[in-house]
Amino acid sequence: MTTEQNWQTICHKNDLVKHSGICALLENEEQIAIFQLNETTAYSVSNWDPIGQANVLSRGIIGDSQGELFVASPLYKQRFSLNTGRCLDDESITIKSYQVRIVEDKVQVSLI
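So, how was this worked out
Residues numbered from 1 in each chain as written. Predicted model: local features only at pLDDT ≥ 70, side-chain atom pairs only at ≥ 80, totals over all residues. Heavy atoms only, no water. Pairing = 2+ DSSP bridges. Helix = DSSP H or I, 4+ residues; strand = E, 2+ residues; numbered from the N terminus. Axes fitted to C-alpha atoms, helices over the stretch in contact; angles between N-to-C directions.

(A) Summary view of the sheet that holds strand β10 (residues 97-98). Strand order in this open sheet of 4 strands is β2-β3-β4-β10, and the pairing throughout is antiparallel. Single-partner strands in this sheet number two, and they are β2 (21-25) and β10. The pairing of strand β3 (residues 31-36) with strand β4 (residues 42-46) spans 5 bridges and is antiparallel. Bridge assignment links I32 to a residue of β4, and that residue is S46.

(B) Inspection of the sheet that holds strand β7 (residues 61-65) at higher detail. Sheet architecture is open: 3 strands sit in the order β7-β8-β9, paired in antiparallel fashion. Strands at the two margins of the open sheet, each flanked by one partner only, are β7 and β9 (79-81). Shown here is a sheet whose adjacent strand axes are inclined to one another by a mean of 40°, direction ignored. Both β7 and strand β8 (residues 68-72) contribute to a ladder of 5 bridges, which runs antiparallel.

Below is the structure:
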């Protein structure tokens, strides 16, 4: 069960760019990529592309493959699920994914 103290406020909802990503820094210095797909839903995964070895996923392209929302790396185009972080092109690779919520126009990420 997630408690209130596990949520970190990242930014204001207006800081997000629909159908695109932004990069944010967590309290633990980890970079995350946040994607807003509509007024009430956002997704977050690590910004680290383990194949390209760079923090670039916030600049990736969002897509849908058979109902699975993904971000494609801007480097080598591997696709990572926005729900689970699983690489759709290499199942041996997974990046960290985060729960995101929008509360009173504040974007919050679960740190669990």
